[in-house]
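Single-letter residue listing:
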Amino acid sequence: RAVEIRLKGAGTGIAATGISKIIVISTYLFAITGITVVASAYISSRTGYMYFALSAAEFLLLIPFCISFAAFINMVFVMAGTETGGCQSLLIAAVFLLIFGGGILPAVYYPQFVQKITFLLPLKYWIGYIESTFFGKTDGQKILIQFIMAAVFIFAAYAADRRTA
């Protein structure tokens, strides 16, 4: 929040401030992912059990996911208006996405009308993207979907920020 206040105080526009926040959030997400991958590789080498391993190219394929997820987080916080409201909204969104987006149960177990909603939720595409990355089946279409979702979230956050500015 302090960085956002400084950027806006320096005359940085709404769009540049939003992109800056997304870059910071996605960098944190990518760093946490890197730490997890390195820790898993270390544990795998010490125990002899293969938990999961990514090549450098596969690891870099997680960047579009990090950007998309960071754009979603930014959108939720911007729409909430306050930091506390953002945290609460993100928690509610996470629970909703986990329940209806296929995070707890696959969509096929839900009634037909809920299955249709599932295809509109980003969690379905995030899970599919990460799964395809770990199994080495990420293609251009899946990468494009991540960037399209990020663009939609960025536009929604920009529109909400302009409305409140």
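Draft legend 1. Region of interest: the overall build of the protein chain. Tallying secondary structure elements over the protein chain gives eight helices and zero strands in all. Its helices and strands taken in sequence order, the protein chain reads α-α-α-α-α-α-α-α from the N to the C terminus. A total of 165 residues make up the protein chain; the buried ones form 31% of that total. Sequence separation of 24 or more characterises 61% of the internal contacts of the protein chain that already satisfy a separation of 6 or more.

Draft legend 2. The arrangement of the packing of aromatic side chains in detail. Applying the stated criterion across every chain yields a total of nine aromatic pairs. Seen from their ring centres, Phe30 and Phe59 are 4.6 Å apart, and the 35° between their planes marks the pair as tilted. Residue Phe30 is found in helix α2 (residues 14-47), and its partner Phe59 is found in helix α3 (residues 56-60); the two are separated by 29 residues along the sequence. Through a chain of ring-to-ring contacts, the aromatic side chains of Phe65, Phe69, Phe72, Trp126 and Phe153 assemble into a single cluster. Positioned above the aromatic ring of Tyr125, the side-chain terminus of Lys124 is 5.3 Å from the ring centre.

Draft legend 3. Representation of the side chain of Gln115. Relative to the elements of secondary structure, Gln115 occurs in helix α6 (residues 112-118). The exposure class assigned to Gln115 is buried, which follows from its relative accessible area of 17%. A distance of 3.4 Å separates a polar atom in the side chain of Gln115 from the backbone oxygen of Val108. Leave out the neighbours within four places in its chain, and Gln115 touches Ala107, Val108 and Tyr110.

Draft legend 4. Representation of helix α7 (residues 122-134) in the model. With 13 residues, α7 extends 18 Å between its outermost C-alpha atoms, agreeing within 8% with the 18 Å of an ideal straight helix rising 1.5 Å per residue. Along α7, the residues that are buried comprise Pro122, Leu123, Trp126, Tyr129, Ser132 and Thr133. Backbone geometry just after α7 places Gly136 at a positive phi near 70°.

Draft legend 5. Representation of the nonpolar core. One finds Phe65, Ala71, Phe72, Met75, Leu97, Trp126 and Phe153 to be the most contacted residues of the largest nonpolar core, which totals 22 residues. Taken together, the elements giving at least two residues each to this core come down to α2, α4 (62-80), α5 (83-100), α7 and α8 (140-164). Among the elements that line this core, the one with the most residues is α4, at eight residues.

Draft legend 6. Quick look at the layout of surface pockets. Looking at the second largest pocket, its volume works out to about 160 Å³. As for the second largest pocket, its lining consists of Phe65, Phe69, Phe72, Leu90, Ala94, Leu97, Leu98, Leu123, Trp126 and Ile127. Those elements that place two or more of their residues in the lining of the second largest pocket are α4, α5 and α7. Top element by residues in the lining of the second largest pocket is α5. It accounts for four residues. Considering only residue class, the lining of the second largest pocket consists of ten nonpolar, no polar and no charged.

Draft legend 7. Structural context of the environment of Lys142. Turning to its location among the elements, Lys142 is positioned in helix α8. Residue class for Lys142 comes out partly exposed when judged on its relative accessible area of 30%. Sequence separation between Lys142 and Tyr129 is 13 residues; the distance between their C-alpha atoms is 6.3 Å. With residues near it in sequence (within four places) discarded, Lys142 still touches Gly128, Tyr129, Ser132 and Lys137.

Calculation rules
- Residues numbered from 1 in each chain as written.
- Predicted model: local features only at pLDDT ≥ 70, side-chain atom pairs only at ≥ 80, totals over all residues.
- Heavy atoms only, no water.
- Helix = DSSP H or I, 4+ residues; strand = E, 2+ residues; numbered from the N terminus.
- Buried < 20%, exposed > 50% of the residue type's maximum accessible area, 1.4 Å probe, protein only.
- Contact = heavy atoms within 4.5 Å.
- Phe/Tyr/Trp six-rings, centres within 6.5 Å; stacked < 30°, edge-to-face > 60°.
- Lys NZ or Arg CZ within 6 Å of the ring centre and 35° of its normal.
- Polar contact = N/O pair within 3.5 Å; in protein donor to acceptor, adjacent residues only side chain to side chain.
- Expected span 1.5 Å × (residues − 1).
- Core = buried A, V, L, I, M, F, W, Y, C linked by side-chain atoms within 4.5 Å.
- 1 Å grid on protein atoms, 1.4 Å probe; cavity = no way out; pocket = protein on both sides within 12 Å on 5 of 7 lines; lining within 4 Å.
- Points joined across faces, edges and corners; volume = space filled by probe spheres on them.
- Nonpolar A, V, L, I, M, F, W, Y, C, P; charged D, E, K, R; others polar.

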